[in-house]
Amino acid sequence: QVQLVESGGGLVRAGGSLRLSCAASGRTFSRYTMGWFRQGPGKEREFVGQITSSGDRTDYADSVKGRFTISRDNVKNTVYLQMNTLKPEDTAVYYCGRCAYATNHYCQQTDFGSWGQGTQVTVSS
């Protein structure tokens, strides 16, 4: 069972930037599409974006497109979420998840799991 550990969250002013990291255990990281999700106060967990196993393609929610960038380092078993031009509505606990099956294609949002503990991002106005 893979273990995912998110880090890099914090408090930032609107317009600022943060980079989140998600480190994965095991030797099969490079075979799986990885995703980022978030859960704001009183809200359901929502999709932020995903990156294919090779890192050649990314997909984003409309709410973050053009501001957030997902990348990965398959040597370090880590996926990143670079967040720029942050807004108060980006305030949430951010989670990374792994697709349920090895693939270099996009996964359905419901196919992601193996969640880490999350990292809190708070954007002040």
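Residues numbered from 1 in each chain as written. Predicted model: local features only at pLDDT ≥ 70, side-chain atom pairs only at ≥ 80, totals over all residues. Heavy atoms only, no water.

### Examining the state of the cysteines
Within the structure shown, the criterion is met by 2 disulfides. Linked covalently through their sulfurs, Cys 22 and Cys 96 form a disulfide whose S-S length is 1.8 Å. What sets the handedness of the Cys 22 and Cys 96 disulfide is the S-S torsion sign, and at about 50 degrees it is right-handed. Residue Cys 22 is found in strand β3 (residues 18–24), and its partner Cys 96 is found in strand β9 (residues 92–99); the two are separated by 74 residues along the sequence. The class for Cys 22 is buried, based on a relative accessible area of 0%. Take Cys 96: its relative accessible area is 0%, and that puts it in the buried class. In the protein, the cysteines engaged in disulfides, taken in order along the sequence, are linked 1-2, 3-4. (Disulfide = S-S within 2.5 Å. Helix = DSSP H or I, 4+ residues; strand = E, 2+ residues; numbered from the N terminus. Buried < 20%, exposed > 50% of the residue type's maximum accessible area, 1.4 Å probe, protein only.)

### A look at the side chain of Thr 119
Tracing the chain through its elements places Thr 119 in strand β11 (residues 119–124). Note on Thr 119: relative accessible area 10%, which makes it buried. Here Gly 9 takes part through its backbone nitrogen, which lies 3.0 Å from a polar atom of the side chain of Thr 119. Here Thr 119 is in contact with Glu 6, Ser 7, Gly 8, Gly 9, Leu 20, Ala 92, Val 93 and Tyr 94, once residues within four sequence places are set aside. (Polar contact = N/O pair within 3.5 Å; in protein donor to acceptor, adjacent residues only side chain to side chain. Contact = heavy atoms within 4.5 Å.)

### Considering the pairing of strand β4 (residues 34–39)
For β4, a buried count of 5 out of 6 residues is recorded, marking the element as mostly surrounded by other parts of the structure. With 5 bridges joining them, β4 and strand β5 (residues 46–51) adopt antiparallel strand pairing. If you follow Arg 38 over to β5, its bridge partner there is Glu 46. Strand direction decides the pairing type here: β4 and β9, joined by 6 bridges, are antiparallel. If you follow Met 34 over to β9, its bridge partner there is Arg 98. (Pairing = 2+ DSSP bridges.)

Geometric descriptors of this kind do not, in isolation, establish any biological role.
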